[in-house]
Amino acid sequence: MKDFKFLNNVTGWVVFLIATLVYFMTLEPTASWWDCGEYIATAYKLQVGHPPGAPLFQLLGRFFSLFAFGNTANVAMMINAMSALSSSFTVLFLFWIITMLAKKALHIKANSFSFDQQLMVLAAGVVGALAYTFSDSFWFSAVEGEVYAMSAFFTALTFWAILKWEAVADLPHASRWLLFISYLIGLTIGVHLLNLLTIPAIAYIIYYKKYPEFSWKGFFITGALSILVLSFIMYVIIPGTVKLAGNFELFFVNSLGMPFNSGTVVFFVLLIGLIVFGLHYTVKHKHAMANLIILGFTFILIGYSSFFILVIRANANTPINENDPKDAISLLSYLNREQYGSWPLLKGEYFNSPIKEYGDRSPIYIKDYKKGEYIITDERKNTVPIYDDRFTTIFPRMWSNQKPIHEQDYKEWADIKGVPITYTKPDGTKETVIKPTFGENLKFFFRYQVGHMYLRYFLWNFSGRQNDIEGHGSITDGNWITGINALDRMRLGNQADLPHSKQNPANNKFYLLPLLLGLIGFFFHINRDGKNAWVVGLLFLMTGLAIVVYLNQQPHQPRERDYAYAGSFMAYTIWIGLGTLAIARQLAQLMNKKLAVGITFVATLLLVPGLMATEGWDDHDRSGKTAARDYAINYLNSCAPNAILFTNGDNDTFPLWYAQEVEGIRPDVRVVNYMLSGGAWYVHQLQRKVYDSDPLPLTLRPDQYDKGINDVVPVMDMNARGVYVPVKDAVDFIANDKNKRDLGMGQKLAFLPVKKLRIPVDSAKVVDNGTVPLDKAGEVVDQIDFDVKKRLLYKNDLMLLDLIASNNWERPVYFANPSSVSDVLDVDDYCHLEGFVYRLKPYKADHYIRRLGGIDADTSFKILTENCQWGNLEKPDIAVDRESMRNSIIPKQNFMRIAEALIKENKPEQAKAVLDTCIYYFPDEKFPFDYFLSSVADMYYHVRDTAGGDYVVERIFNNYADEVDYYHSLKEPFFELYFQDMQRSLGTVQNLVQMTERNKRSALNEKMNAWLDEEIARLSVMGQ
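Residues numbered from 1 in each chain as written. Predicted model: local features only at pLDDT ≥ 70, side-chain atom pairs only at ≥ 80, totals over all residues. Heavy atoms only, no water.

J.: Give a description of the nonpolar core that names residues and reports values.
T.: Tyr23, Phe159 and Phe646 are the most contacted members of the largest nonpolar core, which has 299 residues in total. Among the elements that make up this core, the one with the highest residue count is helix α4 (residues 75-105) (19 residues). (Core = buried A, V, L, I, M, F, W, Y, C linked by side-chain atoms within 4.5 Å. Buried < 20%, exposed > 50% of the residue type's maximum accessible area, 1.4 Å probe, protein only. Helix = DSSP H or I, 4+ residues; strand = E, 2+ residues; numbered from the N terminus.)

J.: Tell me what's going on with the packing of aromatic side chains, and back it up with residues and numbers.
T.: Within the structure shown, the criterion is met by 88 aromatic pairs. Taken together, a centroid distance of 5.8 Å and an interplanar angle of 35 degrees make the contact between Phe836 and Trp870 tilted. Taken as a pair, Phe836 in the loop between β21 (831-834) and β22 (837-840) and Trp870 in the loop between α30 (857-866) and α31 (882-887) lie far apart in primary sequence, 34 residues in all. Its relative accessible area of 1% is what places Phe836 among the buried residues. Members of the aromatic cluster, connected to one another through ring pairs, are Tyr454, Tyr457, Phe458, Trp460, Phe462, Phe522, Phe523, Phe540, Tyr565, Phe569, Tyr572 and Trp575. (Phe/Tyr/Trp six-rings, centres within 6.5 Å; stacked < 30°, edge-to-face > 60°.)

J.: Account for the packing of α30 against helix α33 (residues 908-921), naming residues and giving values.
T.: Orientation of α30 relative to α33, taken along the N-to-C sense of each, is 40 degrees, at an axis distance of 10 Å. In this structure, α30 crosses over α33, and the sense of that crossing is left-handed. Residues Asp858, Phe861, Leu864 and Thr865 of α30 form the contact with α33, whose participating residues are Gln910, Ala913, Val914 and Thr917. Of the residues in the contact of α30 with α33, the class split is 4 nonpolar, 3 polar and 1 charged. (Axes fitted to C-alpha atoms, helices over the stretch in contact; angles between N-to-C directions. Left-handed = near helix turned anticlockwise from the far one by under 90°. Contact = heavy atoms within 4.5 Å. Nonpolar A, V, L, I, M, F, W, Y, C, P; charged D, E, K, R; others polar.)

J.: Now, about the sheet that holds strand β11 (residues 644-647): what can you tell me, with residues and values included?
T.: Ordered by their spatial adjacency, 6 strands build an open sheet running β12-β11-β20-β22-β21-β23, and the pairing between neighbours is mixed. Sheet topology places β12 (670-673) and β23 (854-855) at the edges, where each strand pairs with a single neighbour. Pairing between strand β20 (residues 813-815) and β22: 2 bridges, direction antiparallel. Bridge pairing in β22 links Phe815 to Tyr838. Of the strands in this sheet, β11, β12, β20 and β22 are in contact with helix α29 (residues 795-807), which crosses β11 at around 160 degrees. (Pairing = 2+ DSSP bridges.)

J.: Describe in detail helix α11 (residues 262-284), supporting the description with residues and values.
T.: Helix length check: α11, at 23 residues, gives a terminal C-alpha distance of 33 Å against a target of 33 Å (1.5 Å per residue), a fit within 8%. Ser262, Gly263, Thr264, Phe267, Leu271, Ile275, Gly278 and Thr282 are the residues of α11 that are buried. The secondary structure elements touched by the buried residues of α11 are α10 (216-255), α12 (288-304) and α14 (328-335). Within two residues after α11, Lys286 carries a phi angle of roughly 60 degrees, on the positive side. (Expected span 1.5 Å × (residues − 1).)

J.: Describe the side chain of Ser262, and please don't skip the residues or the numbers.
T.: Note on placement: Ser262 falls in helix α11. Not counting chain neighbours up to four residues away, the residues in contact with Ser262 comprise Glu249, Phe252 and Val253.

J.: Hey, could you go over the pattern of salt bridges for me, with residue numbers and the actual values?
T.: Evaluated as defined, the whole model comprises 46 salt bridges. Here Glu166 and Lys104 are joined by a salt bridge, their closest N and O atoms 2.9 Å apart. Placement of Glu166 in helix α7 (residues 147-168) and of Lys104 in helix α4 is noted, with a sequence separation of 62 residues between them. The class of Lys104 is partly exposed, set by a relative accessible area of 28%. If you follow the salt bridges from partner to partner, you end up with Glu28, Glu144 and Arg622 in one network. (Salt bridge = Lys/Arg side-chain N within 4 Å of Asp/Glu carboxyl O.)

J.: Please give an account of a nonpolar patch on the surface that cites residues and values.
T.: Residues Phe6, Val10, Val14 and Ile18 make up a contiguous nonpolar surface patch of roughly 340 Å² in combined accessible area. Classification of Phe6 as exposed rests on a relative accessible area of 55%. (Patch = residues over 30% accessible without salt bridge, like charges linked within 9 Å, V, L, I, M, F, W, Y side chains within 5 Å. Areas by Shrake-Rupley, 256 points an atom, 1.4 Å probe, with all protein chains shown as cover.)

J.: Talk me through the pairing of β22; I want residue IDs and the actual numbers.
T.: Burial along β22 is two-sided: the residues Val837 and Arg839 and Tyr838 and Leu840 are all buried. Of the pairings in the sheet, the one linking β21 to β22 comprises 4 bridges and is antiparallel in character. Bridged to Cys831 within β22 is Leu840. Hairpin geometry of β21 and β22 is characterised by an intervening segment of 2 residues between the two adjacent antiparallel strands and by a positive phi of about 75 degrees at Gly835.

J.: Can you tell me about the environment of Leu27, naming the residues and giving the values?
T.: Here Leu27 is to be found in the loop between α1 (2-25) and α2 (36-44). For Leu27, a relative accessible area of 9% puts it in the buried group. Separated by 596 residues in sequence, Leu27 and Ser623 have C-alpha atoms that sit 5.1 Å apart. Leaving out residues up to four positions away in the same chain, Leu27 has contacts with Met77, Asn80, Ala81, Ala84, Ala142, Val143, Arg622 and Ser623.

J.: Outline the packing of helix α8 (residues 175-188) against α12, listing residues and values.
T.: At a closest axis distance of 6 Å, the pairing of α8 and α12 adopts a crossing angle of 35 degrees. Like other packed secondary-structure pairs, α8 and α12 cross with a definite hand, here right-handed. Here Ser175, Leu178, Leu179, Ser182, Tyr183, Gly186 and Leu187 of α8 come into contact with α12, specifically with Leu292, Leu295, Gly296, Phe299, Ile300, Ile302, Gly303 and Tyr304. The residue makeup of the contact of α8 with α12, split by class, is 10 nonpolar, 5 polar and no charged.

J.: Lay out the sheet that holds strand β17 (residues 756-760) in plain terms, naming residues and giving numbers.
T.: Either a parallel or an antiparallel arrangement is found when strands of a sheet pair, and the pairing is made through backbone hydrogen bonds. On the basis of which strands lie adjacent, the open sheet formed by 3 strands has the order β14-β17-β18 and mixed pairing. Edge positions in the sheet fall to β14 (725-726) and β18 (783-787), since each of these pairs with one other strand and no more. Note that β17 and β18 share 5 bridges and pair antiparallel. Of the residues in β18, the one forming a bridge with Pro760 is Gln783.

J.: Describe the environment of Pro420, and please don't skip the residues or the numbers.
T.: When you line up the elements, Pro420 lands in strand β7 (residues 419-424). Along the backbone, Pro420 and Tyr304 are 116 residues apart, and their C-alpha atoms lie at a distance of 50 Å. In this structure Pro420 touches Thr432, Val433 and Ile434, once residues within four positions along its chain are discounted.

In short, shape yes, function no, at least from these values alone.
This is the structure:
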């Protein structure tokens, strides 16, 4: 056994080194898309990220950032490296988990562990651990600065620790392993809550160890207790301690007149005192179990205490300070993720359930430093919708707080026929609602939530993946495949051979081999070690389907969610390892045992992790990709000095935060996320100076933006004459508290008395400060008139109008997308594209497109051709991931619009340079040319570059010709399904024919015309 311990340790570290090498070779060198930019920025300067927070991740990220040695360009790489090491350590502990379980499955006795069996166990560990190393979802998280790699590490470490406890449970001091696990659980709260889902598996390992004789009573009691412990941590310890601290705080400050934070201090002193008393009492009276429980609770709290960092840093008013959790009261709202809302789980509404009435929520308290107490700014009465019981259901799956977005998807996924129910509305009228049946509710659950949002991901990892195109249920978008044509065609028809999928880097074919090897291991495990098979199965279910049930996801998710199930996929790779053991053991009965182990090991290593590595390398290698950072820099460098830039989502905000906070790029630009500015905390931060950016000029006082104040401002139309009112006068009206009225909502509210607003323009001022170039001075308007289209203004809408009114053309104002604010500020015909962003200027755009604004062609030309970086996406060895592809649509569109504007301004050389730049950085091989690129070809012909035009036309034609050939290969019913797509393809070629005829490109024209005639003839024959 000593020899095996040595081999086990050495082999584990070898596997660790392999994983580390792989992840370091494929590591993204800078910030990635989505939350990575925010996590890296908040870790680097220990700031406060989005709820519910990840303080331990930030602390460790700060430590790793020190190894950049002052070179801020390498900070992201160091934090990404932290994820890589977290992942390779996960692989290490997974290897040891598999070898421990493999020994149990072989029923190894202390003195009967032969060398052949040792080799079998080690082979199982290597194959299983490396299969996880190269699994799609885990590999994705391993090379970027996000929390999921570290979360997986804690899951593996915790599960390994309980197996170590099991091995020594009968020895003195074995309970230290349980305390270690308690500490890990507390720590992981500061990373992600996924690790808590190991608790049921831990409970059964303890049960099986303490009670070797199985009983159904003990089995069910253990399951119930494990869920109770899990719920206690999630719903009592995590929010409960903070809630109690908040109640103490309110009592001591508001009732006893004590200073702020005194109640919180008293609460924690009492808590520590109770723990000390409990430990002393249980030791004195020899209550070992009670002592262990109190110690476990204490270690969880010690780990959980990392959240004090968020409170400390929030009080430091860091530039990124999301939700501003400065005290126990605001921290509770932060931990509960109140800004994201809630969703029903066990009982609740359908997406179309009518609201019967509204209930109350806990009031909003804020500090009033003048009074020295907490005051209520919003009682939050009548804010919780309550639904008629006739329209609710147990286990609600088809719910929605955005019915127009989700209704059609629910109908398609669940084939809703429903049951009509008539009810009386509050106004006395009757309305009939089609209530889905419970069967339809379950159909959506199994088809979408289980099938599309879990099993599809599971099979990506262990069967194969068609592409990385994100769809909302299309059979061809992001689907799973096997790589075995007969099987794929049986399930998908000829759609398995889509042309765009074959070239997609994420087209990975595993031929079912990882899945089958895992199934072999699963059945082997059940047969040889049923108890531990149940434990692994429980881990698999709790980190997979249990998450599906808890998240209760709606259709139209903004991104793929496979990263959430990495723990479930880890559990399955345990069975992949045991599958190797099962085959080796069976083969050893037919030949020399060492030879059997060697053959099995080499075969399964090559056919499972080896295949996964070779198929997945291209789409997981991010070593040269810098798109998220480069695009962020392009956004910032498109802005004039001291600008205010309104952004919308995560991917045009978080990378910009990273660029400013970490690399110090353009700190004079104030990035304003329009969605986040609906929060009082965010508007307050906008009213402070940050780095080189002055506070936003706002008229309303900070307290008028407090939480619960002006959350909703009704828009009234009291302007009988229909004249346009200066927006400054309207904002001043709202700012005057004397103008508040009771508008039938139960309280006095500020309101906007007009819909027609005007922005006055000082023509001399806007020319002098550079808002308007000299050559446009004669086009400056006296005022910009617009209509507010909303009936209710939210805090972010009010802030925007306040800014426009108060700024008075002092600071440049930009929008990432003018249409995002057009319901409030409908001035997109005064928004002019400058590179990546649109600047508000007081003259009408020449090259204007509704909801997209106009073009400042000269400024944009200089920015896009001289001052931009493009993430290396054009390079042959760099795979274009889905998010980079999606975020490249905007600059491609900008290139085309700028070239068109330059042509209209009779600047053909500049237009050609723009087109050349577009084609160079977005080549057909990486960004397939389609219908929208037809205008590029036409513009090439217009600037007399026939070679460029022919090149683009031929590429588009070839792409669509391939698609049409594919459509012809389809059989019913798939051909009919794609018939409209085929018609669109033929229509595109027809447009190309007309274009080449118009530009006298006879050879190319004749070629496409002949092809088109042939295709039309084929369709005519088919129609007959």
